[in-house]
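# Residue-level structural notes
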Amino acid sequence: MDIAEYRRHAHRLVDWMADYLETVESRPVRSGVEPGEIEARLAAAPPDEGEPFERIFADFERDLLPGVTHWQHPSFYAYFPANSSPPSVLAEMLTATLGVNCMLWQTSPAGTELETRVLDWLRQMIGLPEGFSGVIQDTASSATLCAILAARERATGFAANRRGVSGEDRLRLYTSAEAHSSVEKAVRIAGLGSESLRAIPIGEDGGMCCGELAAAIEGDAAAGAIPILVVATVGTTGASGFDRLDRIGEICRRHGVMLHVDAAWAGTAAIVPEHRGLLDGVEHADSVVVNPHKWMMVNFDCSAHFVRDAAEYVRTFEIAPEYLRTTEHGRVIDYRDWGIALGRRFRALKLWFVIRSYGVEGLRAIVRRHVALAGELAAAIDAEEDFELVVAPRLALLCFRYRPSGVDDAAALDELNERLLRALNDGGRLYLTQTRVAGAYVIRFCVGQTTTERRHVDAAWAAIREVARGLSR
Ligand SMILES: Cc1ncc(COP(=O)(O)O)c(C=O)c1O
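Residues numbered from 1 in each chain as written. Predicted model: local features only at pLDDT ≥ 70, side-chain atom pairs only at ≥ 80, totals over all residues.

## Notes on the overall build of the chain
This is how it is decided: Where helices and strands are cited, they refer to DSSP runs of H or I of at least four residues and of E of at least two residues respectively, numbered from the N terminus. Two things to know: the radius of gyration comes from C-alpha atoms, and the globule rule equals 2.2 Å times the number of residues to the power 0.38. Three exposure classes are used. Buried residues have 20 or more other C-beta atoms within 10 Å of their own C-beta, exposed residues have 12 or fewer, and partly exposed residues fall in between, all C-beta atoms being placed from the backbone. Think of it this way: build a C-beta for each residue from its backbone, and any pair within 7 Å is a contact.
Each helix and strand counted, the chain has 15 helices and eleven strands in total. Relative to its length of 473 residues, the chain is compact, with a C-alpha radius of gyration of 24 Å against a globular reference of 23 Å. Taken along its principal axes, the extent of the C-alpha atoms in the chain is 65 × 60 × 45 Å. Buried positions account for 44% of the 473 residues belonging to the chain. Partitioning the intrachain contacts of the chain with sequence separation of at least 6 by distance along the chain shows that 74% fall at a separation of at least 24.

## Let's talk about the environment of Gln137
Here Gln137 shows up in strand β1 (residues 133-137). The class of Gln137 is buried, set by 25 C-beta atoms lying within 10 Å. Along the backbone, Gln137 and Arg347 are 210 residues apart, and their C-alpha atoms lie at a distance of 9.0 Å. Apart from the residues lying within four places of it in its own chain, the contact partners of Gln137 are Ser142, Ala143, Cys146, Ser303, His305 and Gly339.

## Observations concerning the packing of helix α14 (residues 410-427) against helix α15 (residues 454-469)
Packed helices, taken two at a time, are described by the angle their axes make and the gap between the axes. We count it as follows: For helices, the axis comes from a line fit to the C-alpha atoms of the stretch in contact; other axes are also lines fit to C-alpha atoms, and the angle between any two N-to-C directions lies between 0 and 180 degrees. Convention used here: angles under 35 degrees read as roughly parallel, angles over 145 as roughly antiparallel, angles from 65 to 115 as roughly perpendicular, and any remaining angle as oblique. Crossing chirality is assigned from the near helix's rotation relative to the far helix, an anticlockwise turn below a right angle marking it left-handed and a clockwise turn marking it right-handed. In this count, Pro and Cys sit with the nonpolar residues alongside Ala, Val, Leu, Ile, Met, Phe, Trp and Tyr, while Asp, Glu, Lys and Arg are called charged and the others, Gly among them, polar.
Between α14 and α15, the shortest axis-to-axis distance is 10 Å and the interhelical angle comes to 125°. By the angle between their directions, the pair α14 and α15 is classed as oblique. Between α14 and α15 the crossing geometry is right-handed. Along its contact with α14, which presents Leu420, Ala423, Leu424 and Gly427, the element α15 presents Ala463, Ile464, Val467 and Ala468. A per-class count over the contact of α14 with α15 returns seven nonpolar, one polar and no charged.

## Overview of the domain arrangement of the chain
We apply this condition: Note that the domain bounds reflect an automated or database-derived domain assignment.
According to the domain assignment, the chain contains domain 1 (1-30 + 69-83 + 359-473) and domain 2 (100-345). Here domain 1 and domain 2 have C-alpha centroids that lie 30 Å from each other. Among the elements of the structure, α13 (348-382), β8 (387-394), β9 (397-402) and β10 (433-437) are those that each provide at least two residues to the side of domain 1 that touches domain 2. Among the elements that make up the side of domain 1 that touches domain 2, the one with the highest residue count is α13 (six residues). Among the residues making up the side of domain 1 that touches domain 2, the classes are represented as twelve nonpolar, four polar and three charged.

## Focus: the site of the ligand
Rule in force here: Any residue whose C-beta atom, as placed from the backbone, lies within 6 Å of a molecule or strand is termed near it.
Near the ligand you find 14 residues, and of these Thr139, Ser141, His180, Thr237 and Ala264 are the closest. The residue makeup of the shell around the ligand, split by class, is four nonpolar, nine polar and one charged.

## Notes on the sheet that holds strand β7 (residues 303-307)
Definition in use: Between any two strands, pairing holds if DSSP finds at least two bridges.
Strand order in the open sheet made by the seven strands is β1-β7-β6-β5-β4-β2-β3, with mixed pairing throughout. Unpaired on one side and paired on the other, β1 and β3 (197-200) mark the two borders of the sheet. For this sheet the average axis-to-axis angle between neighbouring strands, irrespective of direction, equals 20°. Contacting β1, β6 (287-290) and β7, helix α5 (residues 109-126) runs over the sheet at an angle of about 110° to β1.

## Describing the packing of helix α9 (residues 210-222) against helix α10 (residues 245-255)
It is at 10 Å that the axes of α9 and α10 come closest, and there the two elements cross at 15°. If you check the angle between α9 and α10, you find them roughly parallel. The way α9 lies across α10 gives a crossing that is right-handed. Residues Cys210, Leu213, Ala214, Ile217 and Ala221 of α9 form the contact with α10, whose own contacting residues are Arg247, Ile248, Ile251 and His255. Looking at the contact of α9 with α10 residue by residue, the classes come out as seven nonpolar, one polar and one charged.

## Here we look at unusual backbone geometry
Of note, the amide linkage connecting Phe300 to Asp301 takes the cis form, showing an omega dihedral of 10°. Its location among the elements puts Asp301 in the loop between α11 (292-295) and β7. The phi torsion at Phe158 lies on the positive side, around 65°, for a residue other than glycine. By the element assignment, Phe158 lies in the loop between α6 (140-155) and α7 (159-163). Phi at Ser240 is positive, roughly 55°, even though this residue is not glycine. Locating Ser240 in the fold gives a position in the loop between β4 (226-233) and α10.

## Description of the nonpolar core
Here is the rule we go by: The term nonpolar core refers to a group of buried residues, namely Ala, Val, Leu, Ile, Met, Phe, Trp, Tyr and Cys, whose C-beta atoms join them within 7 Å.
Of all hydrophobic cores here, the largest spans 126 residues; its most connected members are Tyr77, Ile148, Val230 and Val288. Per-element accounting of this core gives the leading share, 14 residues, to α13. Of the residues that make up this core, three or more belong to each of domain 1 (1-30 + 69-83 + 359-473) and domain 2 (100-345). Residues contacting Tyr77, with those up to four places away along its chain left out, are Leu430, Tyr431, Leu432, Phe445, Cys446, Val447 and Ala460.

This is the structure we're talking about:
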(Lines give C-alpha, C1' and ligand atoms only; values in the text may rest on other atoms or scores of the structure.)
Protein backbone atom coordinates (compact mmCIF):
# COMPACT_ATOMS: atom_id res chain seq x y z
CA MET A 1 0.00 0.00 0.00
CA ASP A 2 1.54 3.29 -1.03
CA ILE A 3 0.99 6.51 0.87
CA ALA A 4 -1.65 7.82 -1.55
CA GLU A 5 -3.68 4.65 -1.09
CA TYR A 6 -3.07 4.75 2.66
CA ARG A 7 -4.45 8.29 2.79
CA ARG A 8 -7.57 7.30 0.84
CA HIS A 9 -8.29 4.24 2.95
CA ALA A 10 -7.53 6.05 6.18
CA HIS A 11 -10.08 8.75 5.39
CA ARG A 12 -12.65 6.11 4.64
CA LEU A 13 -11.87 4.24 7.81
CA VAL A 14 -12.21 7.34 9.95
CA ASP A 15 -15.69 7.81 8.50
CA TRP A 16 -16.46 4.18 9.22
CA MET A 17 -15.21 4.58 12.79
CA ALA A 18 -17.36 7.66 13.38
CA ASP A 19 -20.39 5.89 11.87
CA TYR A 20 -19.70 2.88 14.07
CA LEU A 21 -19.68 4.95 17.23
CA GLU A 22 -22.82 6.76 16.12
CA THR A 23 -24.73 3.57 15.33
CA VAL A 24 -23.23 0.94 17.65
CA GLU A 25 -26.43 1.12 19.66
CA SER A 26 -28.34 -0.57 16.83
CA ARG A 27 -26.14 -3.68 17.00
CA PRO A 28 -26.67 -6.63 19.34
CA VAL A 29 -24.39 -6.01 22.33
CA ARG A 30 -23.00 -9.51 22.72
CA SER A 31 -21.99 -11.45 19.66
CA GLY A 32 -24.39 -14.30 19.03
CA VAL A 33 -22.07 -16.54 17.01
CA GLU A 34 -21.44 -20.16 17.88
CA PRO A 35 -17.92 -21.38 18.77
CA GLY A 36 -15.91 -22.00 15.59
CA GLU A 37 -18.28 -20.02 13.38
CA ILE A 38 -15.88 -17.16 12.71
CA GLU A 39 -12.84 -19.35 12.21
CA ALA A 40 -14.75 -21.38 9.63
CA ARG A 41 -15.23 -18.22 7.57
CA LEU A 42 -11.51 -17.51 7.42
CA ALA A 43 -9.10 -18.81 4.81
CA ALA A 44 -7.22 -21.83 6.12
CA ALA A 45 -3.89 -20.63 4.67
CA PRO A 46 -2.36 -17.17 4.18
CA PRO A 47 -2.55 -15.58 0.71
CA ASP A 48 0.56 -15.85 -1.44
CA GLU A 49 -0.15 -12.59 -3.18
CA GLY A 50 -1.19 -9.33 -1.56
CA GLU A 51 -4.89 -8.53 -1.65
CA PRO A 52 -6.58 -5.17 -2.24
CA PHE A 53 -7.55 -3.27 0.88
CA GLU A 54 -11.19 -3.08 -0.27
CA ARG A 55 -11.44 -6.85 -0.18
CA ILE A 56 -9.77 -7.14 3.22
CA PHE A 57 -12.09 -4.53 4.66
CA ALA A 58 -15.19 -6.08 3.11
CA ASP A 59 -14.21 -9.40 4.74
CA PHE A 60 -13.72 -7.63 8.06
CA GLU A 61 -17.26 -6.30 7.87
CA ARG A 62 -18.81 -9.50 6.59
CA ASP A 63 -16.84 -12.20 8.44
CA LEU A 64 -15.48 -10.65 11.60
CA LEU A 65 -17.95 -8.02 12.80
CA PRO A 66 -20.66 -10.60 13.57
CA GLY A 67 -18.19 -12.13 16.01
CA VAL A 68 -17.50 -8.87 17.81
CA THR A 69 -19.05 -8.14 21.20
CA HIS A 70 -19.60 -4.42 21.30
CA TRP A 71 -17.90 -3.20 24.44
CA GLN A 72 -18.59 0.43 23.48
CA HIS A 73 -22.33 -0.21 23.24
CA PRO A 74 -24.20 2.00 25.73
CA SER A 75 -26.07 -1.11 26.94
CA PHE A 76 -22.92 -3.00 27.89
CA TYR A 77 -23.27 -3.63 31.64
CA ALA A 78 -21.19 -6.80 31.91
CA TYR A 79 -17.91 -7.41 33.76
CA PHE A 80 -16.32 -4.04 34.37
CA PRO A 81 -16.40 -1.65 31.45
CA ALA A 82 -13.44 -1.12 29.17
CA ASN A 83 -14.70 2.20 28.02
CA SER A 84 -13.16 4.41 25.40
CA SER A 85 -13.68 7.80 23.81
CA PRO A 86 -12.97 9.64 20.57
CA PRO A 87 -9.87 11.47 21.89
CA SER A 88 -8.45 8.19 23.12
CA VAL A 89 -8.95 6.53 19.74
CA LEU A 90 -7.38 9.50 17.96
CA ALA A 91 -4.34 9.21 20.22
CA GLU A 92 -4.15 5.48 19.45
CA MET A 93 -4.05 6.34 15.77
CA LEU A 94 -1.04 8.54 16.41
CA THR A 95 0.57 5.88 18.61
CA ALA A 96 0.17 3.33 15.83
CA THR A 97 1.45 5.76 13.23
CA LEU A 98 4.55 6.66 15.22
CA GLY A 99 5.04 3.00 16.04
CA VAL A 100 7.61 3.75 18.70
CA ASN A 101 8.82 1.38 21.37
CA CYS A 102 9.15 3.25 24.67
CA MET A 103 11.37 0.65 26.31
CA LEU A 104 14.17 3.09 27.12
CA TRP A 105 14.22 6.84 27.58
CA GLN A 106 16.41 7.11 24.47
CA THR A 107 14.09 5.07 22.29
CA SER A 108 11.53 7.86 22.67
CA PRO A 109 12.24 10.54 25.24
CA ALA A 110 8.76 12.03 24.77
CA GLY A 111 7.19 8.66 25.51
CA THR A 112 9.02 8.35 28.81
CA GLU A 113 8.68 11.94 29.94
CA LEU A 114 5.01 12.19 29.03
CA GLU A 115 4.40 8.95 30.94
CA THR A 116 6.09 10.40 34.01
CA ARG A 117 4.16 13.65 33.79
CA VAL A 118 0.72 12.30 32.96
CA LEU A 119 0.92 9.67 35.69
CA ASP A 120 1.75 12.39 38.13
CA TRP A 121 -1.41 14.17 36.94
CA LEU A 122 -3.32 10.99 37.61
CA ARG A 123 -1.70 10.64 41.02
CA GLN A 124 -2.97 14.10 41.89
CA MET A 125 -6.39 13.38 40.40
CA ILE A 126 -7.00 10.34 42.61
CA GLY A 127 -5.44 11.94 45.68
CA LEU A 128 -2.37 9.75 46.11
CA PRO A 129 0.21 11.49 48.25
CA GLU A 130 3.49 12.70 46.78
CA GLY A 131 6.18 10.08 46.82
CA PHE A 132 4.42 7.64 44.51
CA SER A 133 5.93 7.34 41.03
CA GLY A 134 3.85 5.99 38.18
CA VAL A 135 4.40 3.63 35.30
CA ILE A 136 1.92 2.37 32.73
CA GLN A 137 1.58 -1.40 32.57
CA ASP A 138 -0.54 -3.24 30.05
CA THR A 139 -2.95 -4.62 32.64
CA ALA A 140 -3.66 -4.71 36.35
CA SER A 141 -2.66 -8.37 36.25
CA SER A 142 0.86 -7.34 35.25
CA ALA A 143 1.00 -4.61 37.88
CA THR A 144 -0.01 -7.06 40.60
CA LEU A 145 2.54 -9.58 39.38
CA CYS A 146 5.23 -6.88 39.56
CA ALA A 147 4.15 -5.98 43.11
CA ILE A 148 4.39 -9.64 44.15
CA LEU A 149 7.80 -10.04 42.55
CA ALA A 150 9.04 -6.88 44.27
CA ALA A 151 7.75 -8.19 47.61
CA ARG A 152 9.37 -11.55 47.00
CA GLU A 153 12.70 -9.89 46.28
CA ARG A 154 12.51 -7.59 49.30
CA ALA A 155 11.72 -10.53 51.54
CA THR A 156 14.58 -12.66 50.20
CA GLY A 157 17.14 -9.88 49.97
CA PHE A 158 16.99 -10.28 46.16
CA ALA A 159 18.13 -13.87 46.49
CA ALA A 160 15.07 -15.32 44.73
CA ASN A 161 16.11 -13.51 41.56
CA ARG A 162 19.49 -15.25 41.73
CA ARG A 163 18.69 -18.64 43.12
CA GLY A 164 15.00 -19.11 42.37
CA VAL A 165 12.38 -19.96 44.94
CA SER A 166 12.53 -23.72 45.06
CA GLY A 167 13.00 -24.80 48.65
CA GLU A 168 11.63 -21.48 49.96
CA ASP A 169 8.13 -22.30 51.13
CA ARG A 170 7.87 -19.89 54.05
CA LEU A 171 6.68 -16.76 52.20
CA ARG A 172 3.01 -15.87 52.77
CA LEU A 173 0.66 -13.47 51.01
CA TYR A 174 -2.83 -12.34 51.96
CA THR A 175 -5.81 -11.13 50.01
CA SER A 176 -9.57 -11.20 50.43
CA ALA A 177 -11.65 -14.17 49.37
CA GLU A 178 -13.24 -11.81 46.82
CA ALA A 179 -9.96 -10.60 45.30
CA HIS A 180 -9.54 -10.86 41.55
CA SER A 181 -8.14 -14.11 40.19
CA SER A 182 -5.14 -12.18 38.85
CA VAL A 183 -3.74 -12.19 42.39
CA GLU A 184 -3.57 -15.95 42.64
CA LYS A 185 -2.32 -16.20 39.08
CA ALA A 186 0.50 -13.80 39.88
CA VAL A 187 1.43 -15.76 43.00
CA ARG A 188 1.68 -18.88 40.87
CA ILE A 189 3.76 -17.17 38.19
CA ALA A 190 6.05 -15.76 40.85
CA GLY A 191 6.82 -19.35 41.83
CA LEU A 192 5.35 -19.00 45.31
CA GLY A 193 2.52 -21.47 44.85
CA SER A 194 -1.19 -20.92 45.44
CA GLU A 195 -0.90 -22.43 48.92
CA SER A 196 1.21 -19.48 50.05
CA LEU A 197 -1.78 -17.19 49.42
CA ARG A 198 -4.29 -16.84 52.26
CA ALA A 199 -7.85 -15.95 51.25
CA ILE A 200 -9.17 -13.81 54.11
CA PRO A 201 -12.97 -13.93 54.51
CA ILE A 202 -15.02 -10.85 53.77
CA GLY A 203 -17.44 -9.16 56.13
CA GLU A 204 -20.96 -7.84 55.62
CA ASP A 205 -19.64 -4.78 53.78
CA GLY A 206 -17.82 -6.91 51.20
CA GLY A 207 -14.42 -5.88 52.55
CA MET A 208 -11.71 -8.07 54.04
CA CYS A 209 -12.19 -8.91 57.76
CA CYS A 210 -9.29 -7.05 59.32
CA GLY A 211 -9.36 -9.12 62.49
CA GLU A 212 -8.99 -12.29 60.43
CA LEU A 213 -6.16 -10.73 58.47
CA ALA A 214 -4.25 -9.79 61.60
CA ALA A 215 -4.82 -13.23 63.09
CA ALA A 216 -3.62 -14.96 59.92
CA ILE A 217 -0.45 -12.88 59.77
CA GLU A 218 0.26 -13.41 63.45
CA GLY A 219 -0.44 -17.14 63.22
CA ASP A 220 1.84 -17.56 60.23
CA ALA A 221 4.64 -15.57 61.80
CA ALA A 222 4.34 -17.58 65.04
CA ALA A 223 4.59 -20.78 63.00
CA GLY A 224 7.85 -19.63 61.39
CA ALA A 225 6.42 -18.43 58.06
CA ILE A 226 7.28 -15.02 56.58
CA PRO A 227 4.30 -12.77 55.76
CA ILE A 228 5.44 -10.57 52.88
CA LEU A 229 2.48 -8.89 51.19
CA VAL A 230 -1.18 -8.03 51.52
CA VAL A 231 -3.08 -7.36 48.29
CA ALA A 232 -6.08 -5.22 49.22
CA THR A 233 -8.92 -4.61 46.79
CA VAL A 234 -10.82 -1.39 46.37
CA GLY A 235 -13.83 -2.41 44.30
CA THR A 236 -13.97 -6.20 44.10
CA THR A 237 -15.00 -7.64 40.77
CA GLY A 238 -17.97 -9.63 41.98
CA ALA A 239 -19.85 -7.08 44.03
CA SER A 240 -17.60 -4.04 44.48
CA GLY A 241 -16.51 -4.62 48.05
CA PHE A 242 -14.00 -2.22 49.54
CA ASP A 243 -11.16 -3.31 51.76
CA ARG A 244 -10.39 -0.82 54.53
CA LEU A 245 -6.97 0.48 53.56
CA ASP A 246 -6.52 2.48 56.75
CA ARG A 247 -6.97 -0.55 58.98
CA ILE A 248 -5.14 -2.95 56.67
CA GLY A 249 -2.31 -0.47 56.27
CA GLU A 250 -1.94 -0.26 60.01
CA ILE A 251 -1.76 -4.07 60.28
CA CYS A 252 0.83 -4.16 57.51
CA ARG A 253 2.95 -1.54 59.19
CA ARG A 254 2.76 -3.32 62.52
CA HIS A 255 4.00 -6.57 60.98
CA GLY A 256 6.44 -5.18 58.41
CA VAL A 257 4.36 -6.52 55.55
CA MET A 258 4.08 -4.76 52.17
CA LEU A 259 0.74 -3.55 50.86
CA HIS A 260 -0.40 -3.56 47.23
CA VAL A 261 -3.76 -1.98 46.41
CA ASP A 262 -5.81 -3.29 43.50
CA ALA A 263 -8.17 -0.45 42.61
CA ALA A 264 -8.34 -1.52 38.97
CA TRP A 265 -11.93 -0.38 38.43
CA ALA A 266 -12.95 1.71 41.42
CA GLY A 267 -9.76 3.76 41.52
CA THR A 268 -11.15 5.99 38.79
CA ALA A 269 -13.97 7.05 41.11
CA ALA A 270 -11.38 8.60 43.43
CA ILE A 271 -11.11 11.51 40.97
CA VAL A 272 -14.52 12.55 42.31
CA PRO A 273 -14.09 14.32 45.66
CA GLU A 274 -17.14 12.66 47.24
CA HIS A 275 -15.69 9.20 46.47
CA ARG A 276 -12.11 9.91 47.44
CA GLY A 277 -12.70 8.30 50.83
CA LEU A 278 -12.53 4.88 49.24
CA LEU A 279 -8.76 5.34 49.12
CA ASP A 280 -8.47 6.50 52.74
CA GLY A 281 -5.34 4.91 54.12
CA VAL A 282 -3.68 4.54 50.71
CA GLU A 283 -0.68 6.37 52.11
CA HIS A 284 0.25 3.06 53.76
CA ALA A 285 0.52 1.31 50.39
CA ASP A 286 3.73 0.31 48.67
CA SER A 287 1.97 0.15 45.32
CA VAL A 288 -1.41 0.88 43.80
CA VAL A 289 -2.94 -0.07 40.47
CA VAL A 290 -5.78 1.81 38.76
CA ASN A 291 -6.94 1.01 35.24
CA PRO A 292 -7.82 4.06 33.16
CA HIS A 293 -8.77 1.43 30.58
CA LYS A 294 -11.70 0.39 32.68
CA TRP A 295 -13.57 3.53 33.62
CA MET A 296 -11.62 6.60 32.53
CA MET A 297 -12.56 6.71 28.84
CA VAL A 298 -9.08 5.50 27.85
CA ASN A 299 -9.26 2.55 25.52
CA PHE A 300 -7.71 -0.76 26.46
CA ASP A 301 -4.86 -1.13 27.36
CA CYS A 302 -3.65 1.36 29.96
CA SER A 303 -3.05 0.37 33.55
CA ALA A 304 -1.56 2.95 35.91
CA HIS A 305 0.77 1.44 38.47
CA PHE A 306 2.06 3.66 41.27
CA VAL A 307 5.02 2.58 43.35
CA ARG A 308 6.62 3.98 46.47
CA ASP A 309 10.09 2.66 45.92
CA ALA A 310 10.93 2.73 42.25
CA ALA A 311 14.54 1.83 42.97
CA GLU A 312 13.40 -1.44 44.47
CA TYR A 313 11.46 -2.21 41.30
CA VAL A 314 14.48 -1.43 39.16
CA ARG A 315 16.58 -3.69 41.33
CA THR A 316 13.96 -6.42 40.94
CA PHE A 317 13.62 -6.17 37.17
CA GLU A 318 16.78 -4.67 35.70
CA ILE A 319 19.07 -6.75 33.54
CA ALA A 320 21.44 -4.70 31.42
CA PRO A 321 22.99 -6.44 28.44
CA GLU A 322 25.31 -4.39 26.26
CA TYR A 323 22.73 -4.01 23.49
CA LEU A 324 20.38 -2.17 25.84
CA ARG A 325 22.92 0.22 27.34
CA THR A 326 22.54 3.92 26.65
CA THR A 327 24.69 6.87 27.62
CA GLU A 328 21.87 8.46 29.65
CA HIS A 329 21.35 5.39 31.79
CA GLY A 330 21.14 6.38 35.45
CA ARG A 331 20.15 9.96 34.65
CA VAL A 332 16.79 9.11 33.12
CA ILE A 333 13.94 6.66 33.63
CA ASP A 334 14.10 3.52 31.53
CA TYR A 335 10.63 2.13 32.11
CA ARG A 336 11.59 -1.32 30.85
CA ASP A 337 13.13 -1.79 34.30
CA TRP A 338 9.79 -1.21 36.06
CA GLY A 339 7.98 -4.26 34.76
CA ILE A 340 7.91 -7.50 32.83
CA ALA A 341 8.06 -6.65 29.14
CA LEU A 342 10.97 -4.96 27.42
CA GLY A 343 8.90 -3.46 24.62
CA ARG A 344 6.42 -0.79 25.62
CA ARG A 345 3.74 0.98 23.60
CA PHE A 346 3.34 4.76 23.71
CA ARG A 347 0.27 4.49 25.93
CA ALA A 348 0.73 7.74 27.80
CA LEU A 349 -0.41 9.65 24.73
CA LYS A 350 -4.03 8.51 24.97
CA LEU A 351 -4.19 9.20 28.69
CA TRP A 352 -2.88 12.72 28.02
CA PHE A 353 -5.36 13.27 25.18
CA VAL A 354 -8.27 12.09 27.30
CA ILE A 355 -7.43 14.08 30.42
CA ARG A 356 -6.87 17.22 28.36
CA SER A 357 -9.96 16.74 26.22
CA TYR A 358 -12.41 16.18 29.06
CA GLY A 359 -10.58 18.00 31.80
CA VAL A 360 -10.79 16.51 35.27
CA GLU A 361 -14.26 18.03 35.73
CA GLY A 362 -15.50 16.43 32.52
CA LEU A 363 -14.29 13.01 33.66
CA ARG A 364 -15.85 13.53 37.08
CA ALA A 365 -19.17 14.36 35.48
CA ILE A 366 -19.20 11.05 33.62
CA VAL A 367 -18.35 9.01 36.71
CA ARG A 368 -21.01 10.87 38.68
CA ARG A 369 -23.56 10.13 35.97
CA HIS A 370 -22.77 6.42 36.05
CA VAL A 371 -23.00 6.27 39.83
CA ALA A 372 -26.29 8.18 39.81
CA LEU A 373 -27.78 5.87 37.16
CA ALA A 374 -26.82 2.81 39.20
CA GLY A 375 -28.50 4.40 42.22
CA GLU A 376 -31.71 5.09 40.30
CA LEU A 377 -31.79 1.55 38.96
CA ALA A 378 -31.26 0.17 42.45
CA ALA A 379 -34.25 2.15 43.73
CA ALA A 380 -36.38 0.80 40.88
CA ILE A 381 -35.33 -2.80 41.58
CA ASP A 382 -35.97 -2.35 45.27
CA ALA A 383 -39.47 -1.11 44.58
CA GLU A 384 -40.39 -4.14 42.47
CA GLU A 385 -42.08 -7.01 44.34
CA ASP A 386 -40.65 -9.85 42.32
CA PHE A 387 -37.05 -8.61 42.21
CA GLU A 388 -34.47 -8.51 44.95
CA LEU A 389 -31.65 -5.99 45.20
CA VAL A 390 -29.00 -8.31 46.64
CA VAL A 391 -26.13 -5.83 46.76
CA ALA A 392 -26.99 -2.14 46.82
CA PRO A 393 -24.79 -0.14 44.48
CA ARG A 394 -21.29 0.54 45.61
CA LEU A 395 -20.30 3.16 43.08
CA ALA A 396 -21.81 2.01 39.78
CA LEU A 397 -22.14 -1.75 40.37
CA LEU A 398 -25.12 -3.51 41.87
CA CYS A 399 -26.32 -7.11 42.06
CA PHE A 400 -29.91 -8.30 41.85
CA ARG A 401 -31.96 -11.37 41.19
CA TYR A 402 -35.42 -12.24 40.04
CA ARG A 403 -37.37 -13.64 42.93
CA PRO A 404 -41.02 -14.19 42.07
CA SER A 405 -43.30 -15.36 44.82
CA GLY A 406 -43.56 -19.11 45.02
CA VAL A 407 -39.91 -19.74 44.10
CA ASP A 408 -38.06 -20.02 47.38
CA ASP A 409 -35.78 -22.96 46.88
CA ALA A 410 -32.16 -21.76 46.52
CA ALA A 411 -31.32 -24.06 43.62
CA ALA A 412 -34.52 -23.15 41.77
CA LEU A 413 -33.79 -19.44 42.19
CA ASP A 414 -30.27 -19.92 40.88
CA GLU A 415 -31.56 -21.82 37.89
CA LEU A 416 -34.24 -19.24 37.15
CA ASN A 417 -31.72 -16.42 37.23
CA GLU A 418 -29.26 -18.32 35.08
CA ARG A 419 -32.02 -18.71 32.51
CA LEU A 420 -32.90 -15.05 32.82
CA LEU A 421 -29.32 -13.98 32.20
CA ARG A 422 -28.98 -16.28 29.20
CA ALA A 423 -32.22 -15.05 27.67
CA LEU A 424 -31.27 -11.41 28.19
CA ASN A 425 -27.84 -11.80 26.66
CA ASP A 426 -29.10 -13.91 23.76
CA GLY A 427 -31.62 -11.17 23.02
CA GLY A 428 -28.81 -8.72 22.23
CA ARG A 429 -30.48 -5.68 23.79
CA LEU A 430 -28.04 -5.58 26.70
CA TYR A 431 -25.16 -7.54 28.13
CA LEU A 432 -24.88 -8.56 31.79
CA THR A 433 -22.78 -11.04 33.76
CA GLN A 434 -23.22 -12.95 36.99
CA THR A 435 -21.51 -13.63 40.29
CA ARG A 436 -22.33 -15.36 43.54
CA VAL A 437 -23.10 -13.53 46.76
CA ALA A 438 -23.19 -15.68 49.89
CA GLY A 439 -23.62 -18.66 47.61
CA ALA A 440 -26.55 -17.27 45.65
CA TYR A 441 -26.40 -16.74 41.90
CA VAL A 442 -26.97 -13.06 41.21
CA ILE A 443 -26.85 -10.81 38.17
CA ARG A 444 -24.34 -7.97 38.16
CA PHE A 445 -25.22 -4.64 36.59
CA CYS A 446 -22.32 -2.24 36.13
CA VAL A 447 -22.95 1.16 34.55
CA GLY A 448 -19.82 2.48 32.92
CA GLN A 449 -19.95 2.99 29.20
CA THR A 450 -18.97 6.44 27.99
CA THR A 451 -22.29 7.00 26.22
CA THR A 452 -24.69 5.31 28.64
CA GLU A 453 -27.59 7.58 29.55
CA ARG A 454 -30.73 7.26 31.62
CA ARG A 455 -32.79 6.08 28.63
CA HIS A 456 -30.43 3.11 28.17
CA VAL A 457 -30.67 2.05 31.79
CA ASP A 458 -34.45 2.51 31.73
CA ALA A 459 -34.66 0.36 28.60
CA ALA A 460 -32.43 -2.28 30.18
CA TRP A 461 -34.62 -2.42 33.28
CA ALA A 462 -37.74 -2.71 31.12
CA ALA A 463 -36.13 -5.55 29.16
CA ILE A 464 -35.11 -7.34 32.36
CA ARG A 465 -38.67 -7.21 33.75
CA GLU A 466 -40.23 -8.23 30.47
CA VAL A 467 -37.89 -11.18 29.88
CA ALA A 468 -38.04 -12.32 33.52
CA ARG A 469 -41.82 -12.35 33.59
CA GLY A 470 -41.92 -14.24 30.33
CA LEU A 471 -39.80 -17.11 31.65
CA SER A 472 -41.52 -20.43 32.26
CA ARG A 473 -41.42 -21.62 35.86
C1 LIG B 1 -10.45 -5.79 40.78
C2 LIG B 1 -9.77 -6.24 39.53
N3 LIG B 1 -8.45 -6.41 39.52
C4 LIG B 1 -7.78 -6.81 38.43
C5 LIG B 1 -8.44 -7.07 37.26
C6 LIG B 1 -7.66 -7.51 36.07
O7 LIG B 1 -7.58 -6.46 35.16
P8 LIG B 1 -6.67 -6.54 33.89
O9 LIG B 1 -7.50 -7.08 32.79
O10 LIG B 1 -6.22 -5.12 33.65
O11 LIG B 1 -5.51 -7.43 34.20
C12 LIG B 1 -9.82 -6.91 37.20
C13 LIG B 1 -10.57 -7.16 35.96
O14 LIG B 1 -11.73 -6.94 35.84
C15 LIG B 1 -10.50 -6.50 38.37
O16 LIG B 1 -11.83 -6.37 38.37
